[in-house]
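Listed here are the chains, written in short residue letters.
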Amino acid sequence: MASPRTRGITLKSAKELELMSRAGWVVAQAKERLREAVAPGVTTGELDRIAAEEIARLGATSSFKGYTGVGAPPFPGTICASVNEEIVHGIPGDRVLLEGDIVSLDVGAIVCGFHGDSAFTCAVGSVSEDRQRLIDATREALRLGIAEARVGARIGDISAAVESHAIHLGYSVVRQYVGHGIGRQMHEEPQIPNYGVAGRGPLLREGMTIAIEPMLNVGTWETTQLDDGWTVVTADGNVSAHFEDTIAITSNGARILTSLDDLSQRS
Ligand code: MG
Ligand code: MG
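Caption draft 1: A look at the coordination of the magnesium ion (ligand 1). Those donors, Asp106 (OD), Asp106 (OD), Asp117 (OD) and Glu244 (OE), are the protein atoms that reach the magnesium ion (ligand 1), and they lie 2.1 to 2.5 Å from it. Between consecutive donor residues of the magnesium ion (ligand 1), the sequence gaps follow D-x10-D-x126-E. Between the magnesium ion (ligand 1) and the magnesium ion (ligand 2) the interatomic distance comes to 3.2 Å, and Asp117 is a ligand of both metals. Of this pair, Asp106 sits in strand β6 (residues 102-111) while Glu244 sits in the loop between β15 (240-242) and β16 (245-250); the two residues are 138 residues apart in sequence, bridging distant segments of the chain. Both residues of the pair, Asp106 and Glu244, count as buried.

Below you can see the structure in the form of structure tokens.
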């Protein structure tokens, strides 16, 4: 039987949540391998191989490899690796990470037909205080967004929490790319913008699974896409950071599925 739907939003059963939790756990493991591997001199292609091996070792498949966007060629990587002014969808390859860079790594995995999707930005070696502050602000924006995600709240509560934190610290939020529902598809309804008005938008219900993913820029919020069909960069060349978790709305609040702290995996 199909899952119940409300206006295109899929509510997951307990069994489906369990499978999403497994996909999220694979993503969390792959993120750990990446975190350990990031260092000056490493290429984004090497990071891609590390994530691919970990996802395969855990019996899952990549959500991203071969993914086709609107008018874009199939995505060639297992992960997205976006350096400095690259916001999202960077194609891993020969680029060598340098001391002082920041790199955003986005990982998606499928287990039994269900997706997990998560991203983080980290420093390569030691970085400037400005860059570290951007990373910390973006991680905190995600935390604040997740804190709003509970039964009876609205998508706009998440959006407003992310945006107000960013603006307060002097950053802009990317508007052209947004968070999303997730489940049997990587991208489902509803969209989760990183800007908006509290109290507006779709109601959050028990069993909804969503990916919240703030992208904060030092300069303009405007973006440009490179002619590789994928890589999104800031229009002014200033740096950007990106954090993302897949969460489930439960009667006890948000459960983060793409974190190693997800207790359901620790039996
Ligand atoms: Mg992602
Ligand atoms: Mg996503």
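Caption draft 2: Highlighting the coordination of the magnesium ion (ligand 2). With distances of 2.1 to 2.3 Å, the protein atoms coordinating the magnesium ion (ligand 2) are Asp117 (OD), His180 (NE2), Glu213 (OE) and Glu244 (OE). Ordering the donors of the magnesium ion (ligand 2) by residue number gives the pattern D-x62-H-x32-E-x30-E. For Asp117, a relative accessible area of 2% translates into the label buried. Using a relative accessible area of 1% as the deciding quantity, one classes Glu244 as buried.

Caption draft 3: Summary view of the sheet that holds strand β12 (residues 215-217). Pairing is antiparallel across the open sheet formed by three strands, whose spatial order is β8-β12-β15. The open sheet terminates on both sides in strands that have one partner only, identified here as β8 (172-173) and β15.

Caption draft 4: Just the layout of surface pockets, in detail. As a volume, the largest pocket reaches approximately 720 Å³. Residue lining of the largest pocket: 32 residues in total, with Tyr67, His89, Tyr177, His187 and Trp230 positioned closest to the centre. In terms of residues, the lining of the largest pocket owes the most to one element, strand β10 (residues 188-192), which gives four residues. The volume enclosed by the second largest pocket comes to roughly 360 Å³. Forming the boundary of the second largest pocket are 20 residues, of which Lys31, Arg35, Arg139, Phe243 and Asp245 lie nearest the centre. Of all the elements in the fold, those that place two or more residues in the lining of the second largest pocket are α1 (14-37), β7 (114-123) and α3 (129-147). Tallied by class, the residues present in the lining of the second largest pocket amount to nine nonpolar, three polar and eight charged.

Caption draft 5: Quick look at empty space enclosed by the protein. Taken as a whole, this structure holds one cavity of 30 Å³ or more when the rule is applied. By volume, the largest cavity is sized at about 30 Å³. Lining the largest cavity are Ile9, Thr10, Lys12, Gly181, Ile182, Glu188, Glu189, Pro190, Met208, Thr209 and Ile210. Top contributing element to the lining of the largest cavity by residue count: β10, with three residues. Considered class by class, the residues forming the lining of the largest cavity number five nonpolar, three polar and three charged.

Caption draft 6: Structural detail: the nonpolar core. In this structure, Leu47, Leu105, Leu204 and Ile210 are the most contacted members of the largest nonpolar core, which totals 53 residues. Every residue in contact with Leu204, bar those within four places of it in the chain, is listed here: Glu148, Ala149, Arg150, Val151, Gly152, Ala153, Arg154, Ile155, Ile158, Ile210 and Ile249. Judged by nonpolar contacts, the second largest core, of eight residues, contains Leu17, Phe114, Ile182 and Ala211.

Caption draft 7: Region of interest: the sheet that holds β10. An order of β10-β9-β11-β16-β17 is seen for the five strands of this open sheet, with the pairing classed as antiparallel. What marks the edges here is a single partner per strand, and that holds for β10 and β17 (253-256). Adjacent strand axes in the sheet meet at a mean angle of 30 degrees, parallel and antiparallel pairs treated alike. With three bridges joining them, strand β9 (residues 179-181) and β10 adopt antiparallel strand pairing. The residue of β10 that forms the bridge with Gly181 is Glu188. In the packing of helix α4 (residues 155-168) onto the sheet, contacts are made with β10 and β11 (209-212), and the angle to β10 comes to roughly 40 degrees.

Procedures and definitions
Residues numbered from 1 in each chain as written. Chains lettered and ligands numbered in written order. Predicted model: local features only at pLDDT ≥ 70, side-chain atom pairs only at ≥ 80, totals over all residues. Heavy atoms only, no water. Donors = N, O, S within 2.8 Å, 3.2 Å for Na, K, Ca; no water. Helix = DSSP H or I, 4+ residues; strand = E, 2+ residues; numbered from the N terminus. Buried < 20%, exposed > 50% of the residue type's maximum accessible area, 1.4 Å probe, protein only. Pairing = 2+ DSSP bridges. 1 Å grid on protein atoms, 1.4 Å probe; cavity = no way out; pocket = protein on both sides within 12 Å on 5 of 7 lines; lining within 4 Å. Points joined across faces, edges and corners; volume = space filled by probe spheres on them. Nonpolar A, V, L, I, M, F, W, Y, C, P; charged D, E, K, R; others polar. Core = buried A, V, L, I, M, F, W, Y, C linked by side-chain atoms within 4.5 Å. Contact = heavy atoms within 4.5 Å. Axes fitted to C-alpha atoms, helices over the stretch in contact; angles between N-to-C directions.

Bear in mind that shape data such as this cannot, by itself, settle questions of function.
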